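One-letter residues, chain by chain:
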Amino acid sequence: TPAFATMLSSSDFASASWELVIQVDHPNEEEQKDVTLRVSGDLHIGGVMLKLVEQINIAQDWSDFALWWEQKHCWLLKTHWTLDKCGVQADAKLLFTPQHKMLRLRLPNVKTVRLRVSFSAVVFRAVSDICRALNYTFMSPEALADMYQPRSLVDKAKLNAGWLDSSRSLMEQGIQEDEQLLLRFKYYTFFDLNPKYDAVRINQLYEQARWAILLEEIDCTEEEMLIFAALQYHISKLSLSTEIQDFTNESEVDEVEAALSNLEVTLEGGKADNTLEDITDIPKLADNLRLFRPKKLILKAFKQYWFVFKDTSIAYFKNKELEQGEPVEKLNLRGCEVVPDVNVAGRKFGIKLLIPVADGMNEVYLRCDHVSKATKMESQYAQWMAACILASKGKTMADSSYQPEVLNILSFLRMKNRNSASQVASGLENMDMNPECFVSPRCAKKHKSKQLAARILEAHQNVAQMPLVEAKLQFIQAWQSLPEFGLTYYLVRFKGSKKDDILGVSYNRLIRIDAATGIPITTWRFTNMKQWNVNWEIRQVAIEFDQNVSIAFTCLSADCKVVHEYIGGYIFLSTRSKDQNETLDEDLFHKLTGGQE
């Protein structure tokens, strides 16, 4: 069969081609210049850029330049696609511009830096590159009065409206060159923080936690505020010192290991280091505690019972002798909210449990019983609190994280136990701090400066020997122990409801909260989620759970895509292991968070 070739005359080619005007964003020119090219629909994007560079005729590195389509608000990055396939016609407004541009980033320590950032990569990848570039330590600023401080859950919900879409580029979301953005940790799921590898991340987390405390983005008691202040003061002193101790010192590691191994955990077999643990035998706690259930028109009265904690449930009996019989009640803590109810100075060690039931939340208070030894009450509280925290996540006391959790709680209680040492008085004579820098403005207004400094120095005695990185880790752990930690709030309207509610999104659950009172109404665990989807036309999120439970809501304080990305992001993080060498599965992240708009 003969081969045929088609030949076009110059007039035929002219009729099949058209003029395309492209603006060139040349970095050395003050104004953008227009360049007119004659192209045809079958010319690919790479060919357009090649013709453009030849016509500009300026010798320089053009490798970072790409075409931005103004009307469609998108990059033309697939250089092998033709103009016809992209849909580009003569009326298209194209800009030939660098993909990397300068951006001002306000960091967790409230300082601003200028970095060269990719405006064409999706935000997920751009942020990854930014975090790799930020390899430095942060400093303590003093200005607080002019910064925004949320006063209610609705105010806190407003803070979460501005998160960028991780699956789109900066340019696609209208971000301009040299604009200022806030860089923050979005998801509150942190893998094991190792001082050897995570110095930058620990610094950033400390700064974000610090400002969340100072600006009252998360609530804490005055006693806890003073602990945070003491740690900040200690960290600021060490940061300025040239003789910073290394947290990875072998003797310190040995001390931590010794503390873990010597930690007294009163289980059925006595001390843990005396017997070989049988991993098939789930440990249990058994002791006298006091219980209270809030009821209207009834004063708060606690009643003593014999409590037994095993697996993820608590059963209580009228007394120890009746333990083998039927309990008064059995509480399943899987999926519950666990809130500390502690006042160390007042010798109050309590646990507030909000247990999900069909029509809302069952509220129960436990109080550690009065015992003869003062130190025993702290130990009792730490063991039961740690067991409750693990049970809420579906874990038992056989889990390897139980003893470290007990140790963290005890460590935090010891910091709260203020020691009135003689050094405090002498320290005031040579005070080298401005105490208002370390507490929220509202806390600072309650005390005279000298009085506040005395209380911070008093609390500082409990942390004065901590190395720098350990102090930052302790601050992060104390932040994580606060009841509101990890909750991101949104103002929503649930389907079928006539009033607005607050939706709290955490790493493992969703919480419906009364917007007026701040009281949790219902909790839904991600582990019970069957599926979720978004109706992009009416901007409604719908979620199905086990046992034929389904919810739907529209988001009022932010776009529903923001909430959708939070849910998908936490589910993505739950699939990751703690292996340092694990490759980040970016495709899976976008599959879970990207949506189908």
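Refer to the preceding data block for the structure.
Going along each chain's sequence as written, the residues are numbered from 1 onward. Selection of residues for local features in this predicted model requires a pLDDT of at least 70, selection of side-chain atom pairs for listing and counting requires 80 or more, and totals for whole chains, interfaces and linings are taken over all residues. Side-chain descriptors were evaluated using all non-hydrogen atoms of the structure, hydrogens and water having been removed beforehand.

Peer 1: What am I meant to see in the side chain of Glu484 here?
Peer 2: Here Glu484 lies in the loop between helix H14 (468–480) and strand E16 (488–494). Residue classification places Glu484 among the buried residues on the basis of a relative accessible area of 17%. Not counting the four nearest positions on each side in its chain, Glu484 is found in contact with Lys156, Glu217, Ile218, Asp219 and Tyr489. Counting from the N terminus, the helices are DSSP H or I runs at least four residues long and the strands are E runs at least two residues long. Accessible area is worked out with a 1.4 Å probe on protein chains only. A residue is then buried under 20% of its type maximum, exposed over 50%, and partly exposed in between. Residues are treated as being in contact if the distance between any of their heavy atoms lies within 4.5 Å.

Peer 1: What is the right way to look at the sheet that holds strand E6 (residues 100–106) in this model?
Peer 2: One key point about sheets: their strands pair by backbone hydrogen bonds, in either a parallel or an antiparallel sense. Strand pairing requires that DSSP identify at least two bridges connecting the strands. Taken in spatial order, the three strands line up as E7-E6-E8 in an open sheet, and their pairing is mixed. Where the open sheet ends on each side, the last strands, each with one partner, are strand E7 (112–118) and strand E8 (180–182). The mean angle between the axes of side-by-side strands here comes to 45°, regardless of whether they run parallel or antiparallel. In terms of strand pairing, E6 meets E8 through three bridges, oriented parallel. Within E8, the residue paired with Arg104 across the bridge is Gln180. In this description, a line fitted to the C-alpha atoms serves as the axis of each element, helices being fitted only across the stretch in contact, and the angle between N-to-C directions of two axes falls anywhere from 0 to 180 degrees.

Peer 1: Help me understand the pairing of strand E21 (residues 540–545) in this model?
Peer 2: Looking down a regular strand, the side chains alternate between one sheet face and the other. In this structure, strand E20 (residues 529–535) lies alongside E21, joined through six bridges in antiparallel fashion. Within the sheet, the bridge partner assigned to Trp532 lies in E21 and is Ile543. Counting the residues that bridge the hairpin from E20 to E21 gives four residues, and of these Arg539 lies at a positive phi of roughly 55°. As paired strands, E21 and strand E22 (residues 549–555) are joined by six bridges and run antiparallel to one another. For Val541, the partnering residue across the bridge sits in E22 and is Phe553. Here E21 hands over to E22 after three residues, with Gln547 in that stretch at a positive phi of 60°.

Peer 1: Got a minute to help me understand the environment of Ser557 in this structure?
Peer 2: Within the secondary structure layout, Ser557 lies in the loop between E22 and helix H15 (560–574). On the basis of relative accessibility, which here comes to 18%, the residue Ser557 falls in the buried class. Each C-alpha atom, one on Ser557 and one on Val492, is 7.2 Å from the other, the two residues being 65 residues apart in sequence. Contacts of Ser557, omitting those with residues within four sequence positions, involve Ala157, Ala161, Tyr490 and Leu491. Nitrogen and oxygen atoms within 3.5 Å of one another constitute a polar contact, given that in protein one can donate a hydrogen and the other can accept it, and given that sequence-neighbouring residues count only through two side-chain atoms. Within the local environment of Ser557, its side chain forms a polar contact with the backbone nitrogen of Leu491, the two atoms lying 3.0 Å apart.

Peer 1: Is there a simple way to think about the pattern of salt bridges in this case?
Peer 2: Pairing is possible between side chains of opposite charge, provided their charged atoms come close. What makes a salt bridge here is a side-chain nitrogen of Lys or Arg within 4 Å of a carboxyl oxygen of Asp or Glu, nothing more. Under the counting rule described, the total for this entry stands at 27 salt bridges. In this structure, Glu363 and Lys352 form a salt bridge, with 3.7 Å as the shortest nitrogen-oxygen distance. One end of the pair, Glu363, is in strand E15 (residues 360–368); the other, Lys352, is in strand E14 (residues 348–357), with eleven residues separating them in the sequence. Given the relative accessible area of 25%, Glu363 is considered partly exposed. Across the salt bridge formed by Asp514 and Lys499, the nearest N and O atoms sit 3.7 Å from each other. Within this pair, whereas Asp514 is found in the loop between strand E18 (509–513) and strand E19 (520–525), its partner Lys499 is found in the loop between E16 and strand E17 (501–505), the two being separated by 15 residues in sequence. Residue classification places Lys499 among the partly exposed residues on the basis of a relative accessible area of 43%. Beyond isolated ion pairs, a larger network of salt bridges with shared partners links Asp165, Lys186, Lys561 and Glu565.

Peer 1: Looking at this structure, how should I read the packing of aromatic side chains?
Peer 2: Each aromatic ring pair is described using two quantities: the centre-to-centre distance and the angle formed by the ring planes. The rule is short: rings of Phe, Tyr and Trp, with Trp giving its six-membered ring, pair when the centres are within 6.5 Å, and they are stacked under 30 degrees, edge-to-face over 60, tilted in between. Evaluation of the coordinates by the stated rule reveals 31 aromatic pairs. Note on Phe124 and Phe589: the rings are 4.4 Å apart at their centroids and 35° apart in plane angle, and the pair reads as tilted. Separated by 465 residues along the polypeptide, Phe124 in helix H4 (residues 123–133) and Phe589 in helix H16 (residues 586–593) bring together distant segments of the chain. There is no split in this pair, since Phe124 and Phe589 are both buried. Between the aromatic rings of Tyr566 and Tyr570, the centroid separation amounts to 6.2 Å while the plane-to-plane angle is 35°, which identifies the pairing as tilted. With Tyr566 and Tyr570 both in helix H15, this residue pair falls four residues apart, about one helical turn. In this structure, Tyr566 and Tyr570 share a single accessibility class: buried. Through a chain of ring-to-ring contacts, the aromatic side chains of Trp163, Tyr187, Tyr490, Tyr566 and Tyr570 assemble into a single cluster. Lying over the aromatic face of Tyr566, Lys186 brings its terminal NZ or CZ to 5.2 Å of the ring centre. Over the aromatic face of Phe494 sits the side chain of Arg512, whose NZ or CZ is 4.2 Å from the ring centroid. A ring is scored as having a charge over it whenever the NZ atom of a lysine or the CZ atom of an arginine sits within 6 Å of its centre and within 35 degrees of its normal.

Peer 1: Hey, could you run me through the nonpolar core in this one?
Peer 2: Note on soluble globular proteins: their nonpolar side chains tend to be buried together. Residues Ile213, Leu231, Val439, Ile456 and Trp479 are the most contacted members of the largest nonpolar core, which totals 43 residues. Those elements that place two or more of their residues in this core are helix H6 (199–214), helix H7 (222–240), helix H10 (402–416), helix H12 (441–445), helix H13 (449–460) and H14. Residues belong to a common nonpolar core when they are buried Ala, Val, Leu, Ile, Met, Phe, Trp, Tyr or Cys residues joined through side-chain atoms within 4.5 Å. Membership of the second largest hydrophobic core comes to 38 residues, among which are Phe307, Tyr316, Cys336 and Val406.

Peer 1: Where do I start with unusual backbone geometry in this structure?
Peer 2: If a residue is not glycine, its phi is most likely negative; likewise, a peptide bond is most likely trans. In this structure, Gln547 takes a positive phi of about 60° despite not being glycine. Summarising the element assignment, Gln547 is placed in the loop between E21 and E22. Look at Gln547 and you get exposed, because its relative accessible area is 75%. Of note, the phi angle at Asn548 is positive, near 60°, even though the residue is not glycine. Residue Asn548 is classed as exposed on the basis of its relative accessible area, which comes to 76%.

Peer 1: Even after reading the chapter, I still don't get H4, so can you show me in this structure?
Peer 2: An α-helical segment advances 3.6 residues per turn. Residues three or four places apart therefore align on the same side. Those residues of H4 that fall on the buried side of the exposure criterion are Val123, Phe124, Ala126 and Ile130. Looking straight down H4, one finds that the buried residues subtend no more than 160° of arc, so they occupy a single side. On its buried side, H4 packs onto E6, E7 and H16. Picture the helix axis, draw a direction to every C-beta atom, and the arc is the one those directions span.

Peer 1: Can you walk me through the packing of H7 against H14 in this structure?
Peer 2: Angle between the axes and distance between the axes are the two parameters that describe a pair of packed helices. Running from N to C, H7 and H14 point in directions that differ by 155°, and their axes come no closer than 9 Å. In terms of axis orientation, H7 runs roughly antiparallel to H14. Of the two elements, H7 crosses H14, and the hand of that crossing is left-handed. Here H7 contributes Phe228, Leu231, Gln232, His234, Ile235, Leu238 and Ser239 to the contact with H14, which in turn contributes Leu468, Ala471, Lys472, Gln474, Phe475, Ala478 and Trp479. In this scheme, roughly parallel covers angles under 35 degrees and roughly antiparallel covers those over 145, while 65 to 115 is roughly perpendicular and the rest are oblique. By definition, any crossing whose near helix is turned counterclockwise from its far helix by less than a right angle is left-handed, and any crossing with a clockwise turn is right-handed.

Peer 1: How should I be thinking about the sheet that holds E20 in this particular structure?
Peer 2: Spatial ordering of the open sheet is given by E19-E18-E17-E16-E22-E21-E20, a layout of seven strands whose pairing is antiparallel. Every interior strand has two partners, whereas the edge strands, E19 and E20, have only one. On average, each strand axis in the sheet is inclined to that of its neighbour by 30°, with strand direction left out of account. Pairing of E18 with E19 involves five bridges; the strand directions are antiparallel. Within the sheet, the bridge partner assigned to Arg509 lies in E19 and is Arg525. Against the sheet, H15 touches E16, E17, E18, E20, E21 and E22, its axis set at about 155° to E20.

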